[in-house]
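Remarks on the overall topology
Residues per chain, in single letters:
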Amino acid sequence: MKKIVFLFFILSILITANTSCQSNDSTDRKSKSDIVNKNILARRSIRAYNNIPVARDTIDMILKSAINSPSARNDQPWEVRVISNSDFLAKIKAVAPNFYDAPTLILVANDTTNSYSAFDCGIFTQTVMLSAESFGLGTVALGMVARNLNSGTPEANAILADLNLPVNYRILIGIALGHKAQFPDAKPRNANKVQILE
């Protein structure tokens, strides 16, 4: 009789523990989705930055997240240069001034021989921006910086040489990164551009 009572006792503990784990799993999933979606909805393009350096360990974590972005065939067709050196930023600013004096500039170059690379680098860029937002940092994607650095002028070419990109790689986009000095409201979004076909 004691064995039967003990067996029922053990079974009740296991059932309770399993129910509790299932409840916690559901709560964890809900919590994670809330965090992710709130982060996405909170991100804005920031065009004013405080003159405070971004901590190296924060940059490292942002880049660790970004290099885990998906890419076609896992080719990872990006080359990334992170510039926080004030002298190098001044040199870039003379050629491509449109990065809003952010203390860090990230340049993403794509493999021009890979037909999926621009798409993959776009995913990489979005991951950088969302990861930065999770640290309370601001970002803005910069097409004009890429255009100016790819302009072919002697000054732009000197900067590209300093970036030491592999052959066939071209700057696709820049990302300003820093501590926010502005907190703009979200701009309107057109939900009618999405249709669900059921």
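Going by the structure above, here's the rest.
Chains are numbered independently. Their residues run from 1 in the order of the written sequence. Note on the predicted model: pLDDT of at least 70 is required for a residue's local features to be given, and 80 or more for side-chain atom pairs to be given and counted; whole-chain, interface and lining totals, by contrast, use all residues. Note that water and hydrogens are dropped before the side-chain values are worked out from all heavy atoms of the structure.

1. Some details on the packing of aromatic side chains
For Phe, Tyr and Trp, where Trp contributes only its six-membered ring, two rings pair if their centres lie within 6.5 Å, and the inter-plane angle classes them as stacked under 30 degrees, edge-to-face over 60, or tilted in between. Taken as a whole and assessed by the stated rule, the structure comprises 1 aromatic pair. Between the aromatic rings of Trp 78 and Phe 124, the centroid separation amounts to 4.9 Å while the plane-to-plane angle is 40 degrees, which identifies the pairing as tilted. Taken together, the residues span a long stretch of sequence, with Trp 78 in strand S1 (residues 78–83) and Phe 124 in helix H4 (residues 117–134) at a distance of 46 residues. Here a strand is any run of E in DSSP of at least two residues, a helix any run of H or I of at least four, and the numbering for each starts at the N terminus.

2. Here we look at the packing of helix H2 (residues 56–66) against H4
Comment: axis = line fitted to C-alpha atoms, over the contacting stretch for helices; angle = value between 0 and 180 degrees taken between N-to-C directions. Close contact between H2 and H4 brings their axes to 8 Å; oriented N to C, the two are set at 140 degrees. Here H4 runs oblique to H2, going by the angle between their axes. Handedness of the H2/H4 crossing: right-handed. Contact with H2, carried on its side by Met 61, Ile 62, Ser 65 and Ala 66, involves Phe 124, Thr 127, Val 128, Ser 131 and Ala 132 of H4 and no other residues of that element. Three classes are used: nonpolar for Ala, Val, Leu, Ile, Met, Phe, Trp, Tyr, Cys and Pro, charged for Asp, Glu, Lys and Arg, and polar for all others, with Gly counted as polar. Residues of the contact of H2 with H4, tallied by class, amount to 6 nonpolar, 3 polar and no charged. The scheme is simple: roughly parallel for angles under 35 degrees, roughly antiparallel for over 145, roughly perpendicular for 65 to 115, oblique for anything else. Two helices that cross are described as forming a left-handed crossing if the nearer one is turned anticlockwise from the farther one by less than a right angle, and a right-handed crossing if clockwise. A contact between two residues is defined here by any heavy atoms of the two lying within 4.5 Å.

3. Digging into the nonpolar core
A general tendency of soluble globular proteins is for nonpolar side chains to be buried together. Within the largest apolar cluster, 24 residues are counted, with the highest numbers of intra-cluster contacts made by Ile 92, Leu 107 and Leu 163. Elements represented by at least two residues in this core include exactly helix H3 (86–95), strand S2 (104–111), strand S3 (137–142), helix H5 (143–149), helix H6 (154–163) and strand S4 (169–179). It is H3 that contributes the most residues to this core, 4 residues altogether. Setting aside its immediate chain neighbours within four residues, Ile 92 contacts Ile 83, Pro 97, Phe 99, Leu 105 and Ile 159. The definition of a nonpolar core used throughout is a set of buried Ala, Val, Leu, Ile, Met, Phe, Trp, Tyr and Cys residues joined through side-chain atoms within 4.5 Å. Here's how the labels work: a residue is buried when its accessible area is under 20% of the maximum for its type, exposed when over 50%, partly exposed in between, all with a 1.4 Å probe on protein chains only. Among the nonpolar cores identified, the runner-up in size contains 16 residues, and Ile 59, Ile 106, Val 108 and Ile 173 belong to it.

4. Some remarks on a nonpolar patch on the surface
There is a patch of nonpolar side chains on the surface, built from Val 36, Ile 40 and Leu 41 and spanning about 290 Å² of accessible area. Position of Ile 40 relative to the elements: it lies in helix H1 (residues 2–42). For patch building, the residue pool is restricted to those with more than 30% relative accessible area and no salt bridge; the joining distance is 9 Å between like charges and 5 Å between nonpolar side chains (Val, Leu, Ile, Met, Phe, Trp, Tyr). Note on areas: these come from Shrake-Rupley sampling with a 1.4 Å probe, and a residue is covered only by the protein chains present in the view. We count a salt bridge whenever a side-chain nitrogen from Lys or Arg sits within 4 Å of a carboxyl oxygen from Asp or Glu.

5. With respect to unusual backbone geometry
Of note in this structure, Asn 164 is not a glycine but carries a positive phi near 55 degrees. Even without glycine at this site, Asn 168 takes up a positive phi of about 75 degrees. Its location among the elements puts Asn 168 in the loop between H6 and S4.

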